[in-house]
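Residues per chain are reported as follows:
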Amino acid sequence: MLELSSNTIKALGIFGRLSKEQEEFFDNLEKKYSKKPNPISGYDVFRHLTLTFIHDALISDVQSQLDLLHDLKPFLPVKLQAKKIFVKDEVTMPGAQHIAVEFGLEQTKKLVEFVRERAGNSTVATPYTKVVWFVPKENQQAVINELSSFKELTFTDFYLVSNKQDDANTIYSTNRFFSRK
């Protein structure tokens with residue numbers, strides 16, 4: 001039976017998802033250099049570009065987010081030129097650090113403005129994406145060196161996700177709207 005007393009979702013958001021090739025590339029770097037915590041701790045999320053985030057979302061928010069997800073198709077693929085590679089602290093786990101690619105907000109300005117017109121205060125604008133998670137200090141320079149010729153992040157889909165940015169919590173994706181006959 002469905003829960004009778006709840007009309008909220010802990011978290012709901014739309015996130016850009018990297019191309020499969022780039023996800024594989026960064027997965028390989030993580031295998032080589034990362035010390036990721038056990039997946040049970042919740043850090044096994046896909047790399048993402050956050051567009052919206054709603055804490056304690058109402059069920060009615062799902063419909064408006066799905067409508068927005070549908071209307072994001074013209075922005076795909078999102079190609080962002082890398083400005084620099086840097087170390088990013090994990091705010092929820094003191095001492096943990098990731099390697100991120102900075103691209104600058106000017107590159108996502110039209111996309112973010114479009115989202116803000118539709119999603120208001122739940123819109124998120126971030127000038128970077130964390131690409132190699134949980135890299136110990138002794139491996140950080142090696143990852144940065146391997147990424148020194150990295151030029152462009154390519155996001156090929158947008159995902160509407162509840163509670164966690166992973167496949168199990170994905171509600172729908174932009175490309176699924178257009179791949180069905």
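Placed above this text is the structure.
Values in this document were obtained by computation on a predicted structure and should not be read as measured data.

Please explain the overall build of the protein chain as it appears in this structure.
A tally of helices and strands in the protein chain yields five helices and eight strands. Each helix and strand of the protein chain, placed in order from N terminus to C terminus, yields the pattern β-α-β-α-β-β-β-α-β-α-β-β-α. Taken over C-alpha atoms, the radius of gyration comes to 17 Å for the protein chain, in line with the 16 Å a tight globule of 181 residues would show. Out of the 181 residues belonging to the protein chain, those deemed buried represent 45%. Contacts in the protein chain between residues far apart in sequence, at least 24 positions, make up 77% of those at least 6 positions apart. Just so you have it, the protein chain exposes about 10,100 Å², and 52% of that area is on carbon and sulfur atoms. The centroid of the 24 positive side-chain charges in the protein chain is displaced by 3 Å from the centroid of its 23 negative side-chain charges.

Where do I start with the sheet that holds strand β5 (residues 97-102) in this structure?
The strands that make up a sheet are held in pairs by hydrogen bonds between backbone atoms, and each pair lies either parallel or antiparallel. The sheet built from three strands is open, its strands ordered β4-β5-β6 with antiparallel pairing. Every other strand in the sheet has two partners, leaving β4 (84-89) and β6 (128-132) as the edge strands with one partner each. The sheet shows a mean angle of 40° between the axes of neighbouring strands, taken without regard to direction. Strands in contact with helix α4 (residues 137-146) are β4, β5 and β6; relative to β5, the strand with the most contacts, it is inclined by about 20°.

What am I meant to see in the pattern of salt bridges here?
Two side chains of opposite charge can pair, provided their charged atoms sit close to one another. Per the counting criterion, the structure on display carries twelve salt bridges. Note that R47 and D27 form a salt bridge whose closest N and O atoms lie 3.0 Å from each other. Of this pair, R47 sits in the loop between α1 (20-33) and β2 (48-58) while D27 sits in helix α1, and the two are 20 residues apart along the sequence. D27 gets classed as partly exposed once you look at its relative accessible area, which sits at 32%. Two residues, K109 and E113, come together in a salt bridge whose shortest N-O distance is 3.9 Å. Here the residue K109 and the residue E113 both occupy positions in helix α3 (residues 109-119), the gap between them amounting to four residues, near one helical turn. One salt-bridge network, in which partners are shared between bridges, spans D27, E30, K36 and R47.

Even after reading the chapter, I still don't get the environment of L58, so can you show me in this structure?
Looking at where L58 falls in the secondary structure, it is placed in strand β2. Residue L58 is classed as partly exposed on the basis of its relative accessible area of 41%. L58 sits 47 residues away from A11 along the chain, and the two C-alpha atoms are 9.4 Å apart. Leave out the neighbours within four places in its chain, and L58 touches N7 and T8.

About the cut-offs
- Residues numbered from 1 in each chain as written.
- Predicted model: local features only at pLDDT ≥ 70, side-chain atom pairs only at ≥ 80, totals over all residues.
- Heavy atoms only, no water.
- Helix = DSSP H or I, 4+ residues; strand = E, 2+ residues; numbered from the N terminus.
- Rg over C-alpha atoms; globule rule 2.2 N^0.38 Å.
- Buried < 20%, exposed > 50% of the residue type's maximum accessible area, 1.4 Å probe, protein only.
- Contact = heavy atoms within 4.5 Å.
- Areas by Shrake-Rupley, 256 points an atom, 1.4 Å probe, with all protein chains shown as cover.
- Lys, Arg positive; Asp, Glu negative; His and termini not counted.
- Charge placed at Lys NZ, Arg CZ, Asp CG, Glu CD.
- Pairing = 2+ DSSP bridges.
- Axes fitted to C-alpha atoms, helices over the stretch in contact; angles between N-to-C directions.
- Salt bridge = Lys/Arg side-chain N within 4 Å of Asp/Glu carboxyl O.

Bear in mind that shape data such as this cannot, by itself, settle questions of function.
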